[in-house]
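The primary structure of each chain is shown beneath.
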Amino acid sequence: MTTTRRILGIYLRGFCMGAADAVPGVSGGTIALLTGIYERLITAITALTVSRIRRLAHDARDGNRQAVVRTLTELDIGFLVVLGTGIATAVVSVLRLISWLLTVSPVEVYGFFFGLIGASAIILYRDVSLETWGKRAAVIVGFFLAFVGSGYAATGISTSLPVLFLAGTVAISAMVLPGLSGSLLLLVLGQYEYMSTALSRFTDALLAALQGGGAEAVYQSAVPVVTFLLGAVVGLLSVAHAVRAAFKRNREMTVAFLVSLIFGALRAPVEQASVELAAMGLNWTRYWIQSFILFAIVGVGLVVIFEWVSTRDVQFASVTEHQAE
């Protein structure tokens, strides 16, 4: 396989991961697992340690080119850059579409999210074991945190810069675990719609500046986006490692906790739809309830199709490997 084809393959995998993580309920980590790059991704992420970054900065300052190249190779930086470019491309394009849809059909969009989240939770529940009191406690705690947090976030959490920083820190941890969506965590934290709009504004201002517009709009729109990204970097270097360590220490209990988070987060799209209706001076009527349910069914159908295709791909890969042996 040529270098160009390898780069394109990694980019397309990143694009699929970004598209998945841009909608609540679908996990970019699951896409990484299905496309065969999950272990490489985890290795690259966990290689991003503070000591390596300090060493890289020290060698670059001293002009030690060989040491810099060696450290960059250890970090698998080429893979991360290409994959990250694919993820960023998809996130920007998908969130731009969702940001527009949220302005014209918010109830239907949140109904769709409800279906995605619910179907994903049911599918992932197959891996949950409740045979011990510890696992049952993890399920109860996870559900309680997500359920209560979803209700509070919809009405009580601001979009201040510290909150956006925290949201970025938490959301990035979902990238290392199949089944948990970063967008779902943003929805629970009440920051999903705001960040979708903020990113669209930033890209619009950037394009306008490239065409001769002023830079002031770019600076103003970049503040929340950069704050969120800084939180994501901190999360990548700390929270993601902690979550991965918990996954290794007790996989079944961690899975039980994560799946219960998803079930508890089902409150989030309902609360957000209620907030949108209230902002329009409307209440839940039969029409809005039917619309919400209809698009929830569409979301469930999409996840079922994705799960069916994924299962077929895994089975086909297993058969192919067996025949090769």
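Just so it is clear, the model here is predicted, and its values are computed rather than measured.

Conventions adopted
Residues numbered from 1 in each chain as written. Predicted model: local features only at pLDDT ≥ 70, side-chain atom pairs only at ≥ 80, totals over all residues. Heavy atoms only, no water. Buried < 20%, exposed > 50% of the residue type's maximum accessible area, 1.4 Å probe, protein only. Helix = DSSP H or I, 4+ residues; strand = E, 2+ residues; numbered from the N terminus. Arc of directions from axis to C-beta. Core = buried A, V, L, I, M, F, W, Y, C linked by side-chain atoms within 4.5 Å. Phe/Tyr/Trp six-rings, centres within 6.5 Å; stacked < 30°, edge-to-face > 60°. Lys NZ or Arg CZ within 6 Å of the ring centre and 35° of its normal.

Asks: Tell me what's going on with helix H5 (residues 65–74), and back it up with residues and numbers.
Replies: What H5 keeps buried is the set Ala-67, Val-68 and Thr-71. The buried residues of H5 all sit within an arc of 100° when viewed along its axis, so they share a single face. Residues of H5 that are exposed and angled more than 90 degrees away from the buried face: Arg-65, Gln-66, Arg-70 and Thr-73.

Asks: If you had to explain the nonpolar core to someone new, which residues and values would you point to?
Replies: Counting 71 residues, the largest nonpolar core has Met-17, Leu-41, Phe-79, Leu-83, Phe-113 and Tyr-192 as its most contacted members. Of the residues forming this core, the biggest block, ten residues, is contributed by helix H7 (residues 106–124).

Asks: An account of unusual backbone geometry is requested, with residue identities and associated values reported.
Replies: Unusually for a residue other than glycine, Asp-76 sits at a positive phi of about 55°. Of note, Asp-76 is situated in the loop between H5 and helix H6 (77–104).

Asks: So, the packing of aromatic side chains: which residues are in play, and what are the values?
Replies: Between two aromatic rings, the relevant description is the distance of the centres plus the angle of the planes. Tallied over the entire structure, the rule returns eight aromatic pairs. Summarising the aromatic geometry, the rings of Phe-114 and Phe-292 are spaced 5.6 Å apart at their centres and angled 55° between planes, so their arrangement reads as tilted. One end of the pair, Phe-114, is in helix H7; the other, Phe-292, is in helix H16 (residues 286–324), and 178 residues separate them in sequence. With a relative accessible area of 8%, Phe-292 lands in the buried category. With 5.0 Å between their ring centres and 75° between their planes, Tyr-287 and Trp-288 make a pair best called edge-to-face. A residue is classified by how much of its surface remains accessible, and Trp-288, at 17% relative accessible area, is buried. Members of the aromatic cluster, each reached through a chain of ring pairs, are Tyr-110, Phe-112, Phe-113 and Tyr-192. In this structure, Arg-136 is placed above the aromatic ring of Trp-133, and the distance from its NZ or CZ to the ring centre is 4.6 Å. Seen from the ring of Phe-147, Arg-267 lies directly overhead, with NZ or CZ sitting 4.6 Å from the centre.

Everything listed is a geometric property; what it means functionally is a separate question.
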